[in-house]
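Okay, here's what each chain looks like letter by letter:
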Amino acid sequence: MSFILKRFLQLFQRSSGQENEVFPDKASYQRSFDRFPIEFEVIASVIDNVEHPDSERSELHDVSGGGAMFISRQPERYFPGQLLKLDIFLAGTEDVRACIKTEASVVRIHQLEVNDLEGSGFKSGVAVKFHKPFEFERIDDSFFR
């Protein structure tokens, strides 16, 4: 198993035992763990909003023990305190074909620096704080083809 995947799983296991409040302190939330850049596919689905029942397929930018940040091309759909369901796909390894499922709340939305990302277009980072223990679900190999 690759080093990045092992580290990613260690961080998730560490944070899954935490009991977190439902809504974070919007004014001063900062992660208490180191951030690690990572490029896994993520699907963010709004839990508590009937107006936007669809999901956004995106990519994780970085992850820490208590939260993560993903890239969004539709930042107007998110707001601080909003509850999301995250499906994080663990692709890129033959050892594990799985998806991590969890719930998180939006902590911050900010425009990313041009140097942070390759490509053009408006992109924002959506920082989230994890709230639920992580559920691992095996995925059929055909999903990754």
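In what follows, the structure referred to is the one given above.
Small disclaimer: the values here were computed from a predicted structure and weren't measured.

Criteria and thresholds
Residues numbered from 1 in each chain as written. Predicted model: local features only at pLDDT ≥ 70, side-chain atom pairs only at ≥ 80, totals over all residues. Heavy atoms only, no water. Helix = DSSP H or I, 4+ residues; strand = E, 2+ residues; numbered from the N terminus. Contact = heavy atoms within 4.5 Å. Areas by Shrake-Rupley, 256 points an atom, 1.4 Å probe, with all protein chains shown as cover. Buried < 20%, exposed > 50% of the residue type's maximum accessible area, 1.4 Å probe, protein only. Polar contact = N/O pair within 3.5 Å; in protein donor to acceptor, adjacent residues only side chain to side chain. Pairing = 2+ DSSP bridges. Salt bridge = Lys/Arg side-chain N within 4 Å of Asp/Glu carboxyl O.

This brings us to the overall build of the chain. Scanning the chain from terminus to terminus reveals one helix and eight strands. Shown N-terminal to C-terminal, the secondary structure of the chain runs as helices and strands in the order α-β-β-β-β-β-β-β-β. Long-range contacts, defined as pairs at least 24 residues apart, comprise 67% of the intrachain contacts of the chain with a sequence gap of at least 6. Accessible surface, the chain as shown: approximately 8,300 Å² in total, 48% of it carbon and sulfur.

Time to look at the side chain of Arg77. Here Arg77 lies in the loop between strand 4 (67-72) and strand 5 (83-90). The class for Arg77 is buried, based on a relative accessible area of 10%. A polar side-chain atom of Arg77 sits 2.9 Å from a polar atom in the side chain of Gln74. For Arg77, the residues in contact, after removing those within four places along its chain, are Asp54, Ser55, Glu56 and Gln82.

As a further point, take the side chain of Asp62. Looking at the secondary structure, you find Asp62 in strand 3 (residues 55-63). A distance of 3.2 Å separates the side chain of Asp62 from the side chain of His61, its partner in a polar contact.

Here we come to the pairing of strand 5. Within a regular strand, side chains alternate between the sheet's two faces. Of all eight residues making up strand 5, seven are buried, and the element is well covered by its neighbours. Here strand 5 pairs with strand 6 (residues 98-111) via eight bridges, running antiparallel. Residue pairing for strand 6: Asp87 is matched across the bridge by Lys101.

The next point concerns the pattern of salt bridges. Tallied over the full model, the rule gives four salt bridges. A salt bridge links Lys85 to Asp87; the nearest nitrogen and oxygen atoms lie 3.5 Å apart. By relative accessible area, which is 32% here, Lys85 ends up partly exposed. Residue classification places Asp87 among the buried residues on the basis of a relative accessible area of 7%. Glu137 is the partner of Lys101 in a salt bridge, and the nearest nitrogen-oxygen pair spans 3.9 Å. Highlighted residues: Lys101 in strand 6 and Glu137 in strand 8 (residues 135-138), separated in sequence by 36 residues. A network of salt bridges, in which partner residues are shared, links Lys85, Asp87, Lys101 and Glu137.

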